[in-house]
Protein chains: 2
Amino acid sequence: MIAYEDLTPGRVFDLGDVEVDRAEMLAFAERFDPQPFHLDEEAGRNSVLGGLCASGWFTASLWMRGYVDHVVADSTSQGSPGGNELAWLAPVFPGDVLQLKMEVNSQRRSQSKPNLGLVEITGTADRGEERVMRFTFVALFGTREQP
Amino acid sequence: MIAYEDLTPGRVFDLGDVEVDRAEMLAFAERFDPQPFHLDEEAGRNSVLGGLCASGWFTASLWMRGYVDHVVADSTSQGSPGGNELAWLAPVFPGDVLQLKMEVNSQRRSQSKPNLGLVEITGTADRGEERVMRFTFVALFGTREQP
């Protein structure tokens with residue numbers, strides 16, 4: 001089980017690959033982000049995004065699933081108060097295969113709750129050589145050792 | 001139609017209210033964020049979150065839908081390269097009614113593409129007096145007047 005002590009700065013975790021499913025991408029956009037370039041081929045081609053592409057929230061949600069499956073599920077995770085960067089660096093298209101990763105930037109024990117630690121993490125999604133998303137956030141993890 | 005020129009600093013837009021639907025909240029968590037406190041009542045009660053609560057990505061996605069319906073749909077919006085703050089300030093529970101808003105922080109014309117402007121926006125979701133989410137991001141909007 002991954003605990004606060006394991007999340008040392010510089011450590012990189014592979015969160016797996018995910019293929020962007022066209023039907024799911026469209027269903028997500030219809031419900032949460034019905035902008036023309038997320039719903040319609042021609043509108044996408046005529047936009048600055050260059051094609052029918054995923055809502056950034058869908059890409060972020062796909063990343064989250066990889067993070068849960070590969071790190072959080074077998075960990076002392078207590079959730080996250082949020083992030084300080086969410087960058088959608090390139091449009092994501094149906095059929096794209098994204099490589100998901102995360103790197104630990106820093107860690108510190110909570111002052112008020114000593115059996116809890118704060119870990120700053122940068123999550124990334126790459127399409128081959130190209131980075132399409134980067135998200136930096138703070139995650140709370142329980143400590144293995146009681147202070 | 002809302003264009004870059006309309007998005008002047010200090011302007012506030014009401015993005016409507018949204019009720020957190022329990023079934024949809026659970027379906028979202030099962031697919032994208034299957035952490036115990038997002039799926040199971042008892043796990044939620046035993047967590048620092050205090051109850052079965054929404055994935056932060058679900059709350060963000062609900063905010064996005066309000067933003068699209070009330071601003072983006074009838075605008076010159078060209079999407080967003082991302083944000084520099086995404087804060088989940090309090091857990092969101094099934095049945096909560098969230099008041100969605102946004103405020104324009106600043107605006108500037110693109111140097112490289114003069115018919116495009118960059119607008120910094122802070123979006124918020126409140127449950128009555130309590131703020132549950134805040135997101136600050138940059139949005140691209142076409143200008144009404146050609147330079």
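Worth saying up front: this structure is predicted, and the values here are computed from it rather than measured.

1. Things to note about the UniProt feature "domain: MaoC-like" (unreviewed entry) in chain A
Next, step 1: Under the UniProt annotation, "domain: MaoC-like" (unreviewed entry) lies at residues 9–111 of chain A.
Next, step 2: Between the end C-alpha atoms of residues 9–111 of chain A there is a gap of 19 Å, over a span that is 34% helix and 27% strand.

2. Observations regarding the nonpolar core
Next, step 1: If you look at the biggest cluster of nonpolar residues, it comprises 80 residues, and the most contacted ones within it are Trp-57, Tyr-67 and Met-102 of chain A together with Trp-57, Tyr-67 and Met-102 of chain B.
Next, step 2: The element contributing the most residues to this core is helix α4 (residues 56–72) of chain B, with 10 residues.

3. Some remarks on the packing of helix α1 (residues 22–32) of chain B against α4 of chain B
Residue and element names in this part refer to chain B.
Next, step 1: One can describe the packing of α1 onto α4 by two numbers: an axis separation of 9 Å at closest approach and a directional angle of 120 degrees. On the basis of their axis angle, the class for α1 and α4 is oblique. When the axes of α1 and α4 are compared, the crossing they make is right-handed. Facing α1, whose interface residues are Glu-24, Met-25 and Phe-28, α4 presents Trp-57, Phe-58 and Ser-61.
Next, step 2: Among the residues forming the contact of α1 with α4, the class breakdown is 4 nonpolar, 1 polar and 1 charged.

4. Remarks on the side chain of Asp-126 of chain A
All names here are of chain A.
Next, step 1: Looking at the element boundaries, Asp-126 is found in strand β4 (residues 116–127).
Next, step 2: Judged by its relative accessible area of 10%, Asp-126 falls in the buried class.
Next, step 3: Polar side-chain contacts of Asp-126 include one of 2.7 Å to the side chain of Arg-131.
Next, step 4: Residue contacts for Asp-126: discarding those within four places in its chain leaves Val-97, Leu-98, Gln-99, Arg-131 and Val-132.

5. So, helix α4 (residues 56–70) of chain A
One full turn of an α-helix is made of 3.6 residues, so residues set three or four places apart face in the same direction.
All names here are of chain A.
Next, step 1: Across its 15 residues, α4 extends 21 Å between first and last C-alpha, which sits within 8% of the 21 Å expected from 1.5 Å per residue.
Next, step 2: The buried count for α4 comes to 12 of 15 residues, which makes it a mostly enclosed element.
Next, step 3: Turning to α4, its buried residues number three or more, namely Gly-56, Trp-57, Phe-58, Thr-59, Ala-60, Ser-61, Leu-62, Trp-63, Met-64, Gly-66, Tyr-67 and Val-68.

6. Notes on the pattern of salt bridges
All names here are of chain A.
Next, step 1: Going through the model one piece at a time under the given rule, you end up with 18 salt bridges over all chains.
Next, step 2: With its nearest N and O atoms 3.0 Å apart, the salt bridge here joins Arg-65 to Asp-69. Here the residue Arg-65 and the residue Asp-69 both occupy positions in helix α4, the gap between them amounting to 4 residues, near one helical turn.
Next, step 3: What makes Arg-65 partly exposed here is its relative accessible area of 24%.
Next, step 4: Via salt bridges that share partners, Asp-96, Arg-127 and Glu-130 belong to a single interconnected network.

Thresholds, definitions, all that
Residues numbered from 1 in each chain as written. Chains lettered and ligands numbered in written order. Predicted model: local features only at pLDDT ≥ 70, side-chain atom pairs only at ≥ 80, totals over all residues. Heavy atoms only, no water. UniProt positions renumbered as here; feature names shortened; annotations may be inferred. Helix = DSSP H or I, 4+ residues; strand = E, 2+ residues; numbered from the N terminus. Core = buried A, V, L, I, M, F, W, Y, C linked by side-chain atoms within 4.5 Å. Buried < 20%, exposed > 50% of the residue type's maximum accessible area, 1.4 Å probe, protein only. Axes fitted to C-alpha atoms, helices over the stretch in contact; angles between N-to-C directions. Parallel < 35°, antiparallel > 145°, perpendicular 65-115°, else oblique. Left-handed = near helix turned anticlockwise from the far one by under 90°. Contact = heavy atoms within 4.5 Å. Nonpolar A, V, L, I, M, F, W, Y, C, P; charged D, E, K, R; others polar. Polar contact = N/O pair within 3.5 Å; in protein donor to acceptor, adjacent residues only side chain to side chain. Expected span 1.5 Å × (residues − 1). Salt bridge = Lys/Arg side-chain N within 4 Å of Asp/Glu carboxyl O.

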